[in-house]
Amino acid sequence: MNATTADATAADPGRIVLLTTSHRVAPGLLSWPAWQALRSADRVLCADAAHPQLPYLREAGIRVDEAAPTAEELVDACAGGRTAVVVATGEGDPALTDGLARLAGSGRVHMPDLELLPASYDLPGARLLDLVQVMDRIRLDCPWSSQRTHKGLAKYAIEEAYELVEAIEDGDREELREELGDVLLQVVFHARIAEEDPDAPFSVDDVAGTIVDKLVHRHPHVFGDETAATPEEVREHWLRTKAAEKQRTSVTEGVPLGQPGLALAAKLASRARTADLPVPLPTGEGVGYELLALAARAEAEGTDPEAALRAAARAYRDAIRDVEA
């Protein structure tokens, strides 16, 4: 190396790589650019001795110094064209990055090249893992949540479902987002309770696996060799595969009797109509039979009677408020 080259190397401020990882991805599953940066670095540092990546980095032959350098110390470590990789903790190292920003803004320091390199990424749905972990903690440590049962929580599932419907009808996007979360919480809560059953335990993964298998099986036009060009053909696939799965002896099996009356009437009418059963509506005195006939007519015309009545009731509520004003 001649004098000119040596002077240039000494003047080279080097490179700092801030390596970020997701705790929602299995440790050790890093991107190829991340592994390249780690293997070529002159020094690798991590302030968290319990960082989940450290055992895997060391197993791969990478020396990691458990240190929390200041911005000034890190800049000095890169002098002479060296590269320092900082394995960030959590969502990053804000104290370090703020310090580097202040140094750069001061104009007093010849700053190294600074690169933020995501080493692992969250996949869609990754925050669901956080929800499962939070639910585990609450179930163990919260005096109220630790005592809940499926039966005791049942009413909340109904309440949250109605609040979700109301958010949809109101067209409130923020409220919709929140209510979807509340409904999701009910699923995760029940699944967490189910893990503790001594005879037939199952987990949220079992719940997800069941619905995935069901969706794949009932969409042969998406995941299989069948075709469906219209919503009507999709519905035919769905009903055919569902009938093969359930093998019911009556079209009324599986219709929950605890649902609201109009919805129940419409569902029964839909089952009878879809199966081409010539079942006449029962006749009798009273409002109940009239409502049953209206619900059956609405269903045949493609109208959800429950939603239609709710819309009319909301209009009635607004009229009452107008009179009150």
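It should be emphasised that the depicted structure is a prediction, and the values quoted were computed from it without experimental measurement. (Residues numbered from 1 in each chain as written. Predicted model: local features only at pLDDT ≥ 70, side-chain atom pairs only at ≥ 80, totals over all residues. Heavy atoms only, no water.)

A. Representation of the overall build of the chain in the model. Secondary structure summary: the chain contains 14 helices and five strands in total. A globule of 325 residues ought to have a C-alpha radius of gyration of about 20 Å, yet the chain, at 31 Å, is considerably larger. Summarising its shape, the C-alpha atoms of the chain cover approximately 105 × 60 × 45 Å along the three principal directions. Within the chain, the fraction of its 325 residues that count as buried is 29%. Within the chain, residue pairs in contact and separated by at least 24 positions form 62% of the contacts whose partners lie at least 6 positions apart. Entry remark: accessible area of the chain is about 21200 Å², with carbon and sulfur atoms responsible for 57%. On the chain, the mean spot of the 33 positive side-chain charges and the mean spot of the 55 negative ones are 2 Å from each other. (Helix = DSSP H or I, 4+ residues; strand = E, 2+ residues; numbered from the N terminus. Rg over C-alpha atoms; globule rule 2.2 N^0.38 Å. Buried < 20%, exposed > 50% of the residue type's maximum accessible area, 1.4 Å probe, protein only. Contact = heavy atoms within 4.5 Å. Areas by Shrake-Rupley, 256 points an atom, 1.4 Å probe, with all protein chains shown as cover. Lys, Arg positive; Asp, Glu negative; His and termini not counted. Charge placed at Lys NZ, Arg CZ, Asp CG, Glu CD.)

B. Representation of the nonpolar core in the model. Ranked by size, the top nonpolar core spans 18 residues in total, and within it Leu19, Leu38, Val44, Leu57 and Val85 carry the most contacts. Within the residue set of this core, elements represented by two or more residues are strand S1 (15–20), helix H2 (32–40), strand S2 (43–46), helix H3 (54–59) and strand S4 (83–87). Take this core: its biggest share by element is four residues, from H2. Apart from the residues lying within four places of it in its own chain, the contact partners of Leu38 are Leu19, Leu30, Val44, Leu57, Ile62, Val85 and Val87. Counting residues in each nonpolar core, the second largest holds 13 residues, with Leu45, Ala71, Ala84 and Met111 among its members. (Core = buried A, V, L, I, M, F, W, Y, C linked by side-chain atoms within 4.5 Å.)

C. Spatial organisation of the packing of aromatic side chains. Taken as a whole, this structure holds one aromatic pair when the rule is applied. Note on Trp144 and Tyr156: the rings are 6.3 Å apart at their centroids and 75° apart in plane angle, and the pair reads as edge-to-face. Here Tyr156 lies in helix H7 (residues 150–170) and Trp144 lies in the loop between helix H6 (127–141) and H7, a separation of 12 residues in the sequence. Here the guanidinium or amino end of Arg218 rests over the ring plane of Trp238, the centre of that ring lying 4.8 Å away. (Phe/Tyr/Trp six-rings, centres within 6.5 Å; stacked < 30°, edge-to-face > 60°. Lys NZ or Arg CZ within 6 Å of the ring centre and 35° of its normal.)

D. How the structure looks around the environment of Pro278. For Pro278, the position within the fold is in the loop between helix H12 (261–274) and helix H13 (287–300). Taking the C-alpha atoms as reference, Pro278 lies 65 Å from Pro52; in sequence the two are 226 residues apart.

E. Spotlight on unusual backbone geometry. The phi dihedral of Asp276 falls on the positive side, at around 55°, and the residue is not glycine. Counting through the fold element by element, Asp276 comes out in the loop between H12 and H13. A residue is classified by how much of its surface remains accessible, and Asp276, at 68% relative accessible area, is exposed.

F. A look at the packing of H12 against H13. Where H12 meets H13, the closest approach of the two axes is 8 Å, and the angle between their N-to-C directions is 55°. For the element pair H12 / H13, the angle class is oblique. Two packed elements cross with a definite hand, and for H12 against H13 that hand is right-handed. Here H12 contributes Leu262, Ala265, Ala266, Ala269, Ser270 and Arg273 to the contact with H13, which in turn contributes Leu291, Leu292, Ala295, Ala296, Glu299 and Ala300. (Axes fitted to C-alpha atoms, helices over the stretch in contact; angles between N-to-C directions. Parallel < 35°, antiparallel > 145°, perpendicular 65-115°, else oblique. Left-handed = near helix turned anticlockwise from the far one by under 90°.)

G. Region of the structure containing a negative patch on the surface. Taken together, the side chains of Glu159, Glu163, Glu166, Asp172, Glu174, Glu175 and Glu178 present a region of like negative charge at the surface. For the negative patch, the secondary-structure elements that each account for two or more residues are H7 and helix H8 (173–194). When you line up the elements, Glu163 lands in helix H7. (Patch = residues over 30% accessible without salt bridge, like charges linked within 9 Å, V, L, I, M, F, W, Y side chains within 5 Å. Salt bridge = Lys/Arg side-chain N within 4 Å of Asp/Glu carboxyl O.)

H. Spatial organisation of the confidence of the model for the chain. Confidence in the prediction of the chain, expressed as mean pLDDT, is 89, and 96% of residues score 70 or more. At the low end of the mean pLDDT range in the chain sits helix H1 (residues 3–11), at 47; at the high end sits H8, at 97. Across residues 1–9, confidence stays below pLDDT 50; counting only partners more than four residues off in sequence or on other chains, it has four contacts. (pLDDT = per-residue confidence, 0-100.)

I. Focus on a nonpolar patch on the surface. Side chains of Ile211, Val212, Leu215, Val216, Val222 and Phe223 sit close together on the surface and give an oily, nonpolar patch of about 510 Å² of accessible area. Sorting the residues of the nonpolar patch by element identifies helix H9 (204–217) and helix H10 (220–223) as the ones contributing at least two each. With four residues, H9 is the largest single contributor of residues to the nonpolar patch. Along the chain, Val216 turns up in helix H9.

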